[in-house]
Amino acid sequence: LLAVLGPAWELRAGAIRRVYLTPDFATALALAVVFGGLAEAVGHHPDLAVHWGRLEVAWSTHDVGGVTELDLVMAARCDRAAARGLLGPSVGADA
């Protein structure tokens, strides 16, 4: 199922991970807030690391010690949110 998400996502250390490049810190932070809203809506939360020019996202289900279908669904929702272009044209390019 990871292949459905595309090459930007990788399975590492029991989580699916992606880096979103952004033009600056404020955009990375705004994208984290968008992803946080998606997570709150379903009560399932990723690990997020906000840096200048990038946002690192990791989805896993701690209760099962790995990746579940919900993690894959949430990763796809993040990709769709980033692709909407609400935060600028460079959001979503991969490192």
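These figures come from a predicted structure and were not determined experimentally.

## Topic: the pairing of strand S3 (residues 47–51)
Each regular strand carries side chains that alternate between the two faces of the sheet. Pairing geometry for S3 and strand S4 (residues 54–59), over 5 bridges, is antiparallel. Considered in S4, the bridge of valine 50 is made with leucine 55. Counted between consecutive antiparallel strands, the loop separating S3 from S4 contains 2 residues, among which glycine 53 sits at a positive phi close to 85°.

## Here we look at the environment of alanine 58
You can see alanine 58 is positioned in strand S4. With 13 residues separating them along the chain, alanine 58 and aspartate 71 place their C-alpha atoms 9.0 Å apart. Not counting chain neighbours up to four residues away, the residues in contact with alanine 58 comprise Ala15, Ile16, Arg17, Pro46 and Asp47.

## A closer look at the sheet that holds strand S2 (residues 15–21)
Remark on secondary structure: sheet strands pair via backbone hydrogen bonds, oriented parallel or antiparallel. Read across the sheet, 4 strands follow the order S1-S2-S4-S3 without closing on themselves; strand pairing throughout is antiparallel. Two strands lie at the open edges of the sheet, namely strand S1 (10–12) and S3, each paired on one side alone. Taken pair by pair, the neighbouring strands of this sheet meet at an average axis angle of 25°, ignoring direction. Pairing of S2 with S4, which is carried by 6 bridges, proceeds in the antiparallel orientation. Note that in S4 the partner of valine 19 across the bridge is glutamate 56.

## Overview of the packing of helix H2 (residues 25–42) against helix H3 (residues 69–83)
Where H2 contacts H3, the two axes come as close as 10 Å, and the packing angle between them is 140°. In terms of axis orientation, H2 runs oblique to H3. The two elements H2 and H3 meet at a crossing, and its hand is right-handed. The segment H2 lies against H3, with Leu31, Val34, Phe35, Leu38, Ala39 and Val42 engaging Met74, Arg77, Cys78, Ala81 and Ala82. Here the residues of the contact of H2 with H3 are counted per class, giving 10 nonpolar, no polar and 1 charged.

Scoring rules and cut-offs
- Residues numbered from 1 in each chain as written.
- Predicted model: local features only at pLDDT ≥ 70, side-chain atom pairs only at ≥ 80, totals over all residues.
- Heavy atoms only, no water.
- Pairing = 2+ DSSP bridges.
- Helix = DSSP H or I, 4+ residues; strand = E, 2+ residues; numbered from the N terminus.
- Contact = heavy atoms within 4.5 Å.
- Axes fitted to C-alpha atoms, helices over the stretch in contact; angles between N-to-C directions.
- Parallel < 35°, antiparallel > 145°, perpendicular 65-115°, else oblique.
- Left-handed = near helix turned anticlockwise from the far one by under 90°.
- Nonpolar A, V, L, I, M, F, W, Y, C, P; charged D, E, K, R; others polar.

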